[in-house]
Each structure stands twice: as structure tokens, then as C-alpha cells.
Amino acid sequence: MKAARSGLLALLLLYLIWGSSFLAIRIAVSGPGAFAPYTLAGLRTFIAGFLLLGFAFVRSQPFRLSPAAVGWLVLTGLLLWVGGHTLIIWAEQRLDSGLAALIFASSPLWAAAFEAVRGRSTPLLPLLAGFAGVAMVLPLGGAMERSLWIDGLVVLLSAVFWALGTVIGEGPARGAPIALSAGIQLSAAGVFNLVWAALAREHWSQPDLSGWLAFVYLTVFDTVIAFLAYAYAQRRLSVSWLMSFAYVN
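Okay, so let's go over this structure.

Definitions and cut-offs
- Residues numbered from 1 in each chain as written.
- Predicted model: local features only at pLDDT ≥ 70, side-chain atom pairs only at ≥ 80, totals over all residues.
- Heavy atoms only, no water.
- Helix = DSSP H or I, 4+ residues; strand = E, 2+ residues; numbered from the N terminus.
- Buried < 20%, exposed > 50% of the residue type's maximum accessible area, 1.4 Å probe, protein only.
- Axes fitted to C-alpha atoms, helices over the stretch in contact; angles between N-to-C directions.
- Parallel < 35°, antiparallel > 145°, perpendicular 65-115°, else oblique.
- Left-handed = near helix turned anticlockwise from the far one by under 90°.
- Contact = heavy atoms within 4.5 Å.
- Nonpolar A, V, L, I, M, F, W, Y, C, P; charged D, E, K, R; others polar.
- 1 Å grid on protein atoms, 1.4 Å probe; cavity = no way out; pocket = protein on both sides within 12 Å on 5 of 7 lines; lining within 4 Å.
- Points joined across faces, edges and corners; volume = space filled by probe spheres on them.

## Structural notes on unusual backbone geometry
Positive phi outside glycine occurs at Arg 201, with the angle close to 55 degrees. Tracing the backbone through its elements, the reader meets Arg 201 in the loop between α10 (178-199) and α11 (209-234). Exposure remark for Arg 201: the relative accessible area of 77% places this residue in the exposed category.

## So, the packing of helix α7 (residues 107-117) against helix α9 (residues 149-168)
One way to put it is that α7 packs onto α9 with a least axis distance of 8 Å and a crossing angle of 45 degrees. The angle between α7 and α9 places the two elements in the oblique class. Here the hand of the crossing between α7 and α9 comes out right-handed. Contact residues: Ser 107, Trp 110, Ala 111, Phe 114 and Glu 115 in α7; Leu 156, Ala 159, Val 160, Ala 163, Leu 164 and Val 167 in α9. Residue composition of the contact of α7 with α9, grouped by class: nine nonpolar, one polar and one charged.

## Quick word on empty space enclosed by the protein
In the structure shown here, the tally under the stated rule is two cavities of 30 Å³ or more. Roughly 90 Å³ of internal volume is contained in the largest cavity. Considering the residues around the largest cavity, the lining is formed by Trp 18, Ser 21, Phe 22, Trp 81, His 85, Ile 88, Phe 104, Trp 162, Asp 222, Phe 245 and Asn 249. Of the residues contributing to the lining of the largest cavity, the split by class is seven nonpolar, three polar and one charged. Considering only enclosed or pocket space, the second largest cavity measures out at about 80 Å³ in volume. Along its surface, the second largest cavity is lined by 13 residues, and Glu 170, Gln 185, Phe 227, Ala 231 and Gln 234 are the ones closest to its centre. Where the lining of the second largest cavity is concerned, the elements lending two or more residues are α4 (67-83), α10 and α11.

Just geometry here; none of it tells us what the structure is for.
Okay, structure coming up:
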């Protein structure tokens, strides 16, 4: 009961922070002084991962993880923060943040589907109720320009990746210090995104004040603090409860 209560408190923190993440991303990647998408994704995850690994080191948390555990964390980090998040950043250069959040709200249903494939039962009523509420406010019937449908499908794909990364969990790394696990996941995603940005030859823009404020918010609150809360809640709550943050967004 105590573990579940602390998990719900972490989930409440997610509700408060990740409810504004789509808007912060939109601010950071739109406008004349916007961040390039892969550069933004790479910098925020690499810096956040570096900070969490530094925190784990200061806390004298053991860094002795098996190669299998490190490999699993790298895999899930790429699923969550490249497939599940870089795609959103790319799409939100054009797609409205509210619409992106609505499309991403399909992730709890994808998570339930992946859980079913693994032979685990997931309460469907709260998932379906939440998704029904989202469906009621989706802009259908030609409200979205045809050119934005691709961006919408990209966000839908990101929801699939995030759900998959969440469901397969920490695997052999389960039980490792949370800051260490999250730091490895974010660092792996940061390196991948920065290499991707270099290969794509992204330009280094000069963001304006709002862009820099959005970047700081996304790095410190949205990535370091919120992802720690997510990892903490993941160890204490069911997938259906954990993924409910997508509806709150």
C-alpha cells in the first residue's frame, strides 16, 4: 500500500509537468529562432542523462551493471526518447501541440495491446473511457490539413514506441538505482539524436528567449525530474495507471 501511494504521488507529479510538455516543445521548435528538432532532442536528453549519471555518482550508487542490463537500458532509452519523443519534436514543427497530445493519448491502448501479447491482463474499462474522452475532442472531418496527416501519423507511431518501451520495462536492469537506469537511457538517446542531427546536417540556429526558456524547462523539469518520477512510478504501479498521464496531457 505504501509503495502504491508513493507511486501515485509520482504519477501526480507527471500529470503536472508532462501536461505542458507538448506546448513547450511547440514553442522550442517553431518560430524564426527555433531549435532544429534533432538538435533539441539530442541536447535535452544528453544533458539530462549526464546530470542523472552525475547524481548517481555523487550518491555513490554502484555502476556495476551487466552488459545485458546496459544493453537493455540502451534499447528502452532509444524506444522511449528517440522513437517515442524525437518523432514528436519533428512533427510539432508544423503540428499543433494540442492535436499532437490528443494523438499521443492512444499510447495507453497500445500499451494494453502489448501487455496482452505478453499474456498479461490489463483493465480495459479505464483505458477505453479515457480514450473515448479523447476521441470526443479529436478534430475530425477535414479540420486538419492534408499536409499534416503525415505529422499526425508520425505522432501516432511515437505513441507505439513509447508504449513498447514502457511495457518491456527495465528487463535485466530491474532493481538498479533509478537515477543510474534513467541516466543511461537518456544518455543513449542523447548520443543517438546528436549523431542523427550531425548526419542530417542540421543548422545550429540562434533561438530567442522563449526558445531557450522552453529548452531549459524541457531539460530540467520535463526530462530530469519527470522521467525520474516516471521510472519511479513504473516500479510501483500497473501499466494502465502509469500510462494514464497521456490522457491528462
